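Listed below, chain by chain, are the residues.
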Amino acid sequence: MTTPESSWGGGRTLRPGDPSLSPEALAAEEHARVSERVQGFVDDRRARDRVDTGRIHPYFSKLRAKLEQQMDAPPLFDMPSLPKQMLYSWADKARRFAATGSPGGNLSLVPTPGEKLAERGRDNPAYNRLRVRAQAGEELQDFAQGVSTMKLVVTLELLQGPDGTLREVKLMTRSGNPAYDDYVLQSVPPALAKFPPPPPDALGVHTDGIRSLWSVEGRVVYVRKISEMKGTDTAYLAAAAAVGVLAGGFEETTGDVYVIDVRNPHFECRSRLLRVY
């Protein structure tokens with residue numbers, strides 16, 4: 001007889017009296033298989049805890065920034081139109097509110113300005129108009145920044161040498177959009193091509209190499225830097241301000257001021273480190 005593994009080329013012929021069929025041998029084989037599976041669970045949990053508790057070397061933070069820099073100007077990947085994105089955002093917030101009691105999906109310990117005004121408005125109806133405007137601005141801001149729009153997410157496993165040299169990129173989960181998957185995969189090699197090597201004693205760097213798991217999330221955003229706007233945008237800014245939708249933000253690290261601009265959607269990629277083995 002042949003073992004089942006022979007169907008894919010890894011089996012062997014067994015004959016009566018073969019030592020590998022003894023109860024002891026079978027028990028040892030099962031013990032080894034279970035031990036390997038358990039060790040895999042332990043290694044995976046340890047790799048996740050390293051990231052969750054911040055016990056990772058700055059090398060991986062710099063690597064994340066390098067990956068995002070390489071994916072700085074992606075195409076739109078045939079994402080849904082603005083009306084469809086807005087409908088999805090509304091439906092998603094309704095679903096999360098029904099599940100958690102919060103449109104954001106998680107109850108934050110720090111209330112938003114709209115939530116503070118809603119609390120005050122219980123005793124003072126005069127706050128109602130201001131509350132509505134504040135909450136509408138928060139919803140619009142979330143939508144424009146892609147917080148509640150449709151997303152494309154892939155999971156990658158990076159295998160590197162101990163000096164950081166890229167050996168292999170494995171696509172662990174797909175986004176459902178082949179063009180986006182290919183874009184992310186093709187962006188990794190050039191991002192790591194001239195990246196400095198990590199210290200040999202850094203946590204997660206082993207003599208046989210580096211293994212890490214990443215998530216890359218892509219989404220359409222509707223914000224634009226004020227500095228990129230020209231004289232022809234004056235009419236849009238005035239109209240947006242008149243109807244109360246000129247919400248925006250300020251990036252403290254760069255000093256850039258952003259405003260919502262639904263006329264110019266663009267795609268944005270954000271990478272996140274999930275595990276360091």
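These notes cover the structure that comes with them. On a predicted model such as this, the values are computed, not experimentally measured, just so you know.

Section: the side chain of E268
Structurally, the position occupied by E268 is in strand 7 (residues 266-276). Polar side-chain contacts of E268 include one of 3.3 Å to the side chain of R270. Ignoring sequence-local partners within four residues, the contact set of E268 consists of P74, E217, G218, R219 and V221.

Comments concerning the pairing of strand 2 (residues 166-173)
Pairing analysis gives 6 bridges linking strand 1 (residues 151-160) to strand 2, with the strands arranged antiparallel. For L158, the partnering residue across the bridge sits in strand 2 and is V169. Taking the residues between adjacent antiparallel strands as the criterion, strand 1 and strand 2 are bridged by 5 residues, where G164 takes a positive phi near 90°.

Some details on the sheet that holds strand 1
On the basis of which strands lie adjacent, the open sheet formed by 4 strands has the order 2-1-3-7 and antiparallel pairing. Two strands in the sheet have a free side with no partner beyond their single neighbour: strand 2 and strand 7. Direction aside, the axes of adjacent strands within the sheet are offset by 25° on average. With 10 bridges connecting them, strand 3 (residues 210-221) and strand 7 associate as antiparallel partners. When the bridges of strand 7 are listed, E217 appears paired with R270.

As for empty space enclosed by the protein
In this structure the tally under the stated criterion is 1 cavity of 30 Å³ or more. Of the pockets and cavities examined, the largest cavity occupies roughly 30 Å³. As for the largest cavity, its lining consists of L67, M71, L156, L158, V184, V188, W214 and V216. Where the lining of the largest cavity is concerned, the elements lending two or more residues are strand 1, helix 6 (178-193) and strand 3. Across the lining of the largest cavity, the residue classes tally to 8 nonpolar, no polar and no charged.

Structural notes on the nonpolar core
Grouped together as the largest cluster of nonpolar side chains are 30 residues, with contacts concentrated most on Y180, V184, V216 and F267. When contributions to this core are tallied by element, the ones reaching two or more residues are helix 2 (58-70), strand 1, helix 6, strand 3 and strand 7. With 6 residues, helix 6 is the single largest residue contributor to this core. With near-sequence residues (within four places) excluded, V216 lies in contact with M71, L152, V153, V154, L156, Y180, V184, C269, R270 and S271.

What about helix 6?
In this model, helix 6 (16 residues) spans 24 Å end to end at C-alpha, consistent with the 22 Å of a helix rising 1.5 Å per residue. Taken together, the buried positions of helix 6 are Y180, D181, Y183, V184, S187, V188, A191 and L192. Tucked inside the fold, the buried residues of helix 6 contact helix 2, strand 1, strand 2, strand 3 and strand 7. If you check the start of helix 6, you find a side-chain oxygen 3.1 Å away from the backbone N of A179, and it comes from N177.

Regarding the packing of aromatic side chains
Under the definition given, this model contains 6 aromatic pairs. Ring geometry for Y59 and F195: centres 5.3 Å apart, planes at 55°, overall tilted. With Y59 in helix 2 and F195 in the loop between helix 6 and strand 3, this pair connects stretches of sequence that are 136 residues apart. For the pair formed by Y59 and F195, the shared burial category is buried. Among the aromatic residues, those joined into a ring-pair cluster are F77, Y180, Y183 and F267. One cation-aromatic arrangement involves R211 over Y277; the distance from NZ or CZ to the ring centre is 3.8 Å.

Observations concerning unusual backbone geometry
In this model, F77 sits at a positive phi of 55°, which is unusual for a non-glycine residue. Checked against the element boundaries, F77 lands in the loop between helix 2 and helix 3 (82-100).

Here we look at the environment of L274
Within the fold, L274 resides in strand 7. Of the residues examined, L274 reaches a relative accessible area of 16% and is grouped as buried. On a C-alpha basis, the gap between L274 and T155 in space is 9.1 Å, while along the polypeptide they are 119 residues apart. With residues near it in sequence (within four places) discarded, L274 still touches A47, R48, V51, T155, L213, W214 and S215.

Rules used in this analysis
- Residues numbered from 1 in each chain as written.
- Predicted model: local features only at pLDDT ≥ 70, side-chain atom pairs only at ≥ 80, totals over all residues.
- Heavy atoms only, no water.
- Helix = DSSP H or I, 4+ residues; strand = E, 2+ residues; numbered from the N terminus.
- Polar contact = N/O pair within 3.5 Å; in protein donor to acceptor, adjacent residues only side chain to side chain.
- Contact = heavy atoms within 4.5 Å.
- Pairing = 2+ DSSP bridges.
- Axes fitted to C-alpha atoms, helices over the stretch in contact; angles between N-to-C directions.
- 1 Å grid on protein atoms, 1.4 Å probe; cavity = no way out; pocket = protein on both sides within 12 Å on 5 of 7 lines; lining within 4 Å.
- Points joined across faces, edges and corners; volume = space filled by probe spheres on them.
- Nonpolar A, V, L, I, M, F, W, Y, C, P; charged D, E, K, R; others polar.
- Core = buried A, V, L, I, M, F, W, Y, C linked by side-chain atoms within 4.5 Å.
- Buried < 20%, exposed > 50% of the residue type's maximum accessible area, 1.4 Å probe, protein only.
- Expected span 1.5 Å × (residues − 1).
- Phe/Tyr/Trp six-rings, centres within 6.5 Å; stacked < 30°, edge-to-face > 60°.
- Lys NZ or Arg CZ within 6 Å of the ring centre and 35° of its normal.

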